[in-house]
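The primary structure of each chain is shown beneath.
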Amino acid sequence: MTLSPARVPVTAGVRRLTAALYGYAFLDDFVLLYPVYTLLFSDTGLSVWQISSLFVLWSITGVVLELPSGAWADAVSRRLLLWLGPLLTAAGFTLWVLTPSYWAFALGFVLWGARGALGSGALEALVYEGLERLGEADRYARIMGRARAAGHVAIMAAMALAGPVFAWGGYPAVGAASVLACLASAATATRFPEDRAVPKADAEAWSTTLRQGLTAVRSDRSLRGALLLVPAVGAVWGALDEYTPLLVRDTGVAETTVPYLLLLIWAGATAGGVLAGPWERMGTAGLAAVLVVAALAMAVGAAARTPGGLVLLALAFGGFQLATVLADVRLQQRIDDARRATLTSVAGLGNDLATVAAYGGYAAIETSAAHSTAFALFAVPYLVTAMLLVLKWPLRTRRSFP
């Protein structure tokens, strides 16, 4: 069978886009500082309160910049924001290693938070529109799922390499490796294809784009449902991830075993990203079932307080990652191109706010209960979300979801 000549440039275009995306996703998370930056703060002399204040500053930066950056991505080049962001993170990591102090760490987190805001919305919009122009929008779930999986593989690789590199060269070595990864990520972002005509600033200023996007949300009930689904699915497990080392340690394993069990959990999340493509058409009832199974697996696995129970936690995180990608797919299919990054950032803002609330809720629960109890209780929001889906929460998109 002869391949149609008209199909060749489409295939080449998809390959160019996915090659840049997978490389960008991997390098963006291949940061050897991830497993040890809390230790750096502690070794510098920071108290627990000071370290917690840094995390709050990080979250607040993302919340404040989320919407403006999304509107900016619709008003200017999205590729520009994607290569600028990693440079900000590189500057922050450099400050941490060269001048370790509370204020250097604080400025680094502001830069890191700004980087996250610049990429939120811009990446999804660039990929979806690129696929749509090539007539391959139906591959978005599969491709973004694999991109999430590439990021998880990078995190696992960074966790595995951080120990040996740290033993060899200490914080300067892991810091230098992290900065190089950020620079490589920025270089990879310049390879993203972007054929979109950038609107003129006077005709499509970012403030106008933002206002139009929020108006669309207020007037479209179905779009509001799709926006709300993103934080409903992604925020809780994204916050709980920060506490998984404490949960693992409470199972009674040795400190040296904790990283390996964390790799098991991340492997589950990676599998969930890979499954997003094949399971894209499962429908609303199927998505609700995934959330129920994942929530129950998390509750039972955490309550077991044994290493074996972490297998169920890995299954749960895989289900939550799958649902997170599918929620993003549904949102992208409801948005028009002119406001795609803006509205994706609206969903990102909701996710950031819900994550901060989850941090506060976890702290309140943990003051009087074990980590296992906190994880089990946080299964409840997912059961509520599944119930709302079954009750036909308005999440239908331009493509029919049963």
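Residues numbered from 1 in each chain as written. Predicted model: local features only at pLDDT ≥ 70, side-chain atom pairs only at ≥ 80, totals over all residues. Heavy atoms only, no water.

1. Observations concerning the overall build of the chain
In plain terms, the rule: Numbering of helices and strands runs from the N terminus; a helix is a DSSP stretch of H or I covering at least four residues, while a strand is a stretch of E covering at least two. Partly exposed residues are those whose accessible area sits between 20% and 50% of the maximum for their type, while under 20% is buried and over 50% is exposed, using a 1.4 Å probe and protein chains only. Two residues form a contact once any of their heavy atoms are found within 4.5 Å. Every accessible area reported is derived by Shrake-Rupley at a probe size of 1.4 Å, with residue values counting cover from the shown protein chains alone.
A count of helices and strands for the chain gives 16 helices and zero strands. Per-residue burial over the chain gives 52% buried out of 402 residues. Restricting the contact set of the chain to residue pairs at least 6 apart, pairs at least 24 apart contribute 84%. Accessible surface for the chain amounts to roughly 17,000 Å². Of this, 68% is attributable to carbon and sulfur atoms.

2. Let's talk about a nonpolar patch on the surface
Just so we agree on the cut-off: Residues form patches when they are more than 30% accessible in relative terms and have no salt bridge. Like charges link within 9 Å. Nonpolar side chains (Val, Leu, Ile, Met, Phe, Trp, Tyr) link within 5 Å. Within this document, salt bridges are pairs made up of a side-chain nitrogen of Lys or Arg and a carboxyl oxygen of Asp or Glu, the two lying within 4 Å of each other.
Taken together, the side chains of Trp72, Leu80, Trp83, Leu87, Leu180 and Leu183 define a hydrophobic patch exposed on the protein surface, amounting to about 500 Å² of accessible area. For the nonpolar patch, the secondary structure elements donating two or more residues are helix H4 (78-98) and helix H7 (140-189). Here the nonpolar patch takes three residues from H4, the largest share from any one element. One can find Leu80 in helix H4. On the basis of relative accessible area, Leu80 is assigned to the partly exposed category, the value being 31%.

3. Points about the environment of Cys182
Residue placement: Cys182 occurs in helix H7. Along the sequence, Cys182 and Asp29 sit 153 residues apart, while their C-alpha atoms lie 8.8 Å from each other.

4. Examining the packing of aromatic side chains
Applied cut-off: When the centres of two rings from Phe, Tyr and Trp lie within 6.5 Å, Trp using its six-membered ring, the rings pair. Their planes under 30 degrees apart give stacked, over 60 give edge-to-face, and anything left gives tilted.
Inspection of the entire model under this criterion finds 22 aromatic pairs. An angle of 80° between the planes, with centres 5.2 Å apart, marks the rings of Phe93 and Trp112 as edge-to-face. Separated by 19 residues along the polypeptide, Phe93 in helix H4 and Trp112 in helix H5 (residues 102-119) bring together distant segments of the chain. An aromatic cluster is present here, built from Tyr34, Phe41, Trp58, Phe93, Trp96, Phe105, Phe109 and Trp112 joined pairwise through their rings.

5. Here we look at the confidence of the model for the chain
Note the threshold: The predictor attaches a confidence to each residue, called pLDDT, with possible values from 0 through 100.
Across the chain, the average pLDDT comes to 82, with 87% of residues at 70 or higher. Model confidence for the chain, summarised as mean pLDDT per element, is weakest for helix H8 (residues 206-219) at 65 and strongest for H4 at 94. When the criterion is pLDDT under 50, residues 1-8 qualifies, and its contacts beyond four places in sequence or with other chains add up to two contacts. Across residues 394-402, confidence stays below pLDDT 50; counting only partners more than four residues off in sequence or on other chains, it has 33 contacts.

6. Here we look at the nonpolar core
Test applied: What is meant by a nonpolar core is a set of buried Ala, Val, Leu, Ile, Met, Phe, Trp, Tyr and Cys residues, joined one to another through side-chain atoms within 4.5 Å.
Phe192, Met298, Phe320 and Phe375 are the most contacted members of the largest nonpolar core, which has 87 residues in total. Here the element with the most residues in this core is helix H13 (residues 309-332); it accounts for 12 residues. Those residues within four positions of Phe192 in sequence are excluded, and the remaining contacts are Arg16, Leu17, Ala20, Leu21, Tyr24, Arg79, Leu82, Leu123 and Leu126.

7. Concerning H4
Defined as follows: Here the expected span of a helix is defined as 1.5 Å times the quantity of residues minus one. Throughout this description, a polar contact denotes any pair of N or O atoms lying within 3.5 Å of each other; where both atoms belong to protein, one of them has to be capable of donating a hydrogen while the other can accept it, and for residues adjacent in sequence the pair is counted only when both atoms sit in side chains.
Spanning 21 residues, H4 covers 31 Å between terminal C-alpha atoms, matching the ideal 30 Å at 1.5 Å per step. Of all the positions in H4, only Arg78, Leu81, Leu82, Gly85, Pro86, Thr89, Ala90, Gly92, Phe93 and Trp96 are classed as buried. Where H4 begins, the capping side chain belongs to Ser77, and its oxygen is found 3.3 Å from the backbone nitrogen of Arg79.

8. Examining the packing of helix H9 (residues 221-240) against H13
Any two packed helices are characterised by the angle at which their axes cross and by the distance between the axes. To keep things clear, this is the line we draw: Angles here are taken between N-to-C directions and fall from 0 to 180 degrees, while the axes themselves are lines fitted to C-alpha atoms, restricted in helices to the stretch in contact. Note on terminology: angles under 35 degrees are roughly parallel, angles over 145 are roughly antiparallel, angles of 65 to 115 are roughly perpendicular, and the others are oblique. Should the near helix be turned anticlockwise from the far one by less than a right angle, the crossing is left-handed, and should it be turned clockwise, the crossing is right-handed.
Look at H9 against H13: their axes get within 9 Å of each other, and the N-to-C directions meet at 160°. Comparing their axes, H13 and H9 come out roughly antiparallel. Like other packed secondary-structure pairs, H9 and H13 cross with a definite hand, here left-handed. The residues of H13 that touch H9, namely those facing Leu223, Ala226, Leu227, Leu229, Val230, Val233, Gly234 and Trp237, are Phe317, Phe320, Gln321, Ala323, Thr324, Ala327, Arg330 and Leu331.

9. A word on the pattern of salt bridges
Here the structure, examined in full by the defined rule, presents three salt bridges. Between Glu136 and Arg139 there is a salt bridge, with its nearest N and O atoms 4.0 Å apart. You can call Glu136 buried: its relative accessible area is 5%. The class of Arg139 is partly exposed, set by a relative accessible area of 32%.

10. Comments concerning the packing of H4 against H5
Two elements in contact, H4 and H5, have axes whose closest approach is 8 Å; the angle formed by their N-to-C orientations is 165°. Looking at the two axes, H4 sits roughly antiparallel to H5. At the point where H4 passes H5, the crossing takes the left-handed sense. Counted together, Leu81, Leu82, Leu84, Gly85, Pro86, Leu88, Thr89, Ala91, Gly92, Phe93, Leu95 and Trp96 of H4 and Ala104, Phe105, Leu107, Gly108, Phe109, Leu111, Trp112, Ala114, Arg115, Leu118 and Gly119 of H5 form the full contact between these two elements.

11. Quick look at the side chain of Arg115
Locating Arg115 in the fold gives a position in helix H5. Arg115 gets classed as buried once you look at its relative accessible area, which sits at 7%.

12. A look at the side chain of Thr89
Residue placement: Thr89 occurs in helix H4. When residues no more than four places from it in sequence are discounted, the contact partners of Thr89 are Trp112, Arg115 and Cys182.

13. Side note on helix H2 (residues 37-44)
Selection rule: Taking the helix axis as origin, the arc is that swept by the directions to the C-beta atoms.
Listed as buried for H2 are Tyr37, Leu40 and Phe41. Down the axis, H2 shows its buried residues gathered within 100° of arc, on one side only. Note on H2: the residue one or two positions beyond its end, Gly45, has a positive phi of about 110°.

14. Brief notes about the environment of Val290
Note on placement: Val290 falls in helix H12 (residues 283-304). For Val290, a relative accessible area of 13% puts it in the buried group. Here the alpha-carbon distance between Val290 and Ala323, two residues 33 residues apart in the chain, equals 7.3 Å. Apart from residues no more than four positions distant in its own chain, Val290 is found in contact with Met282, Gly319 and Leu322.

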